[in-house]
Amino acid sequence: MSATVDATERLIRIGEVARGAGVSVRAVRYYEQQGLLTPERSPSGQRLYRQDAIPLVRFFQQMYAAGLTSRRITELLPCWDAGHTDADQRAMLRVERERIQAKIEDLQAARDRLDEVIALTDTHP
């Protein structure tokens, strides 16, 4: 997250970021500790964030849910910020996508097995 702020951009507090992204304030602080978010500070020391912190935090949540580490997410941030990638970044993105796809297939197989058990047990009182 860039440290430069447009003078006309309204900065928001940590609670607004948390509510907008559907996470706890603690989660936002964790992302700071991991180097994923950098807040501005008010004269009184309050954390202030740009509006784009909300979709960025949602992105972090999705990537964590998919099994990516903070380090890997940090590697993805230049892709997010710049909107383009180099060959190494694209290779890394493809590896992560393949890993996520395998996880999806495993989860679908588990769901199918549960459906079988449900169907079997639905026939018995």
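The text that follows walks through the structure, step by step, so that each part is easy to find. (Residues numbered from 1 in each chain as written. Predicted model: local features only at pLDDT ≥ 70, side-chain atom pairs only at ≥ 80, totals over all residues. Heavy atoms only, no water.)

**What about the packing of helix α1 (residues 14-21) against helix α2 (residues 25-33)?**
Turning to step 1, where the next piece is worked out: Across the interface, α1 lies against α2 with an axial gap of 8 Å and an inter-helix angle of 105°. As the angle between them shows, α1 and α2 are arranged roughly perpendicular. On α2, the residues touching Ile14, Gly15, Val17 and Ala18 of α1 are Val25, Val28, Arg29 and Glu32.
Turning to step 2, where the next piece is worked out: Of the residues belonging to the contact of α1 with α2, the class tally is 5 nonpolar, 1 polar and 2 charged. (Axes fitted to C-alpha atoms, helices over the stretch in contact; angles between N-to-C directions. Helix = DSSP H or I, 4+ residues; strand = E, 2+ residues; numbered from the N terminus. Parallel < 35°, antiparallel > 145°, perpendicular 65-115°, else oblique. Contact = heavy atoms within 4.5 Å. Nonpolar A, V, L, I, M, F, W, Y, C, P; charged D, E, K, R; others polar.)

**Focus: the packing of α1 against helix α3 (residues 53-65)**
Turning to step 1, where the next piece is worked out: Taken N-terminus to C-terminus, the directions of α1 and α3 make an angle of 55°; their axes are 8 Å apart at the nearest point. Classed by the angle they form, the pair α1 and α3 counts as oblique. As α1 packs across α3, the resulting crossing turns out to be right-handed. Contacts from Glu16, Val17, Gly20 and Ala21 in α1 reach Ala53, Ile54, Val57 and Arg58 in α3.
Turning to step 2, where the next piece is worked out: Of the residues belonging to the contact of α1 with α3, the class tally is 5 nonpolar, 1 polar and 2 charged. (Left-handed = near helix turned anticlockwise from the far one by under 90°.)

**Here we look at the pattern of salt bridges**
Opposite charge on two side chains makes pairing possible when the charged atoms of those side chains draw close.
Turning to step 1, where the next piece is worked out: Tallied over the entire structure, the rule returns 9 salt bridges.
Turning to step 2, where the next piece is worked out: Between glutamate 75 and arginine 71 there is a salt bridge whose closest N-O contact spans 3.8 Å. Of this pair, glutamate 75 and arginine 71 both sit in helix α4 (residues 70-82), 4 residues apart, which is roughly one turn of the helix.
Turning to step 3, where the next piece is worked out: On the basis of relative accessible area, arginine 71 is assigned to the exposed category, the value being 65%.
Turning to step 4, where the next piece is worked out: Of the charged contacts in the structure, one is a salt bridge between arginine 99 and glutamate 96, with a shortest N-O distance of 2.9 Å. Of this pair, arginine 99 and glutamate 96 both sit in helix α5 (residues 87-122), separated by 3 residues, roughly a single helical turn.
Turning to step 5, where the next piece is worked out: In the salt-bridge network here, residues are joined through shared partners; they are Arg71, Arg72, Glu75, Glu96 and Arg99. (Salt bridge = Lys/Arg side-chain N within 4 Å of Asp/Glu carboxyl O. Buried < 20%, exposed > 50% of the residue type's maximum accessible area, 1.4 Å probe, protein only.)

**Brief notes about the side chain of serine 70**
Turning to step 1, where the next piece is worked out: Within the element layout of this structure, serine 70 appears in helix α4.
Turning to step 2, where the next piece is worked out: Residues contacting serine 70, with those up to four places away along its chain left out, are Tyr30, Gln34, Leu36 and Tyr64.

**Here we look at the nonpolar core**
Turning to step 1, where the next piece is worked out: In terms of nonpolar packing, the biggest core is built from 25 residues, with Val17, Val28, Leu37, Tyr49, Val57 and Phe60 touching the most fellow members.
Turning to step 2, where the next piece is worked out: Where this core is concerned, the elements lending two or more residues are α1, α2, α3 and α4.
Turning to step 3, where the next piece is worked out: For this core, the element with the most residues is α3, which contributes 7 residues. (Core = buried A, V, L, I, M, F, W, Y, C linked by side-chain atoms within 4.5 Å.)

**So, the sheet that holds strand β1 (residues 12-13)**
Strand pairing in a sheet relies on backbone hydrogen bonds, with the paired strands running either antiparallel or parallel.
Turning to step 1, where the next piece is worked out: The strand order across the open sheet formed by 3 strands is β1-β3-β2, and the pairing between neighbours is antiparallel. With one partner strand each, in any of the chains shown, β1 and β2 (40-41) form the two edges of the open sheet.
Turning to step 2, where the next piece is worked out: Looking at chain direction, β1 and strand β3 (residues 47-49) are connected through 2 bridges and run antiparallel. Its bridge partner lying in β3, isoleucine 12 is registered against tyrosine 49. (Pairing = 2+ DSSP bridges.)

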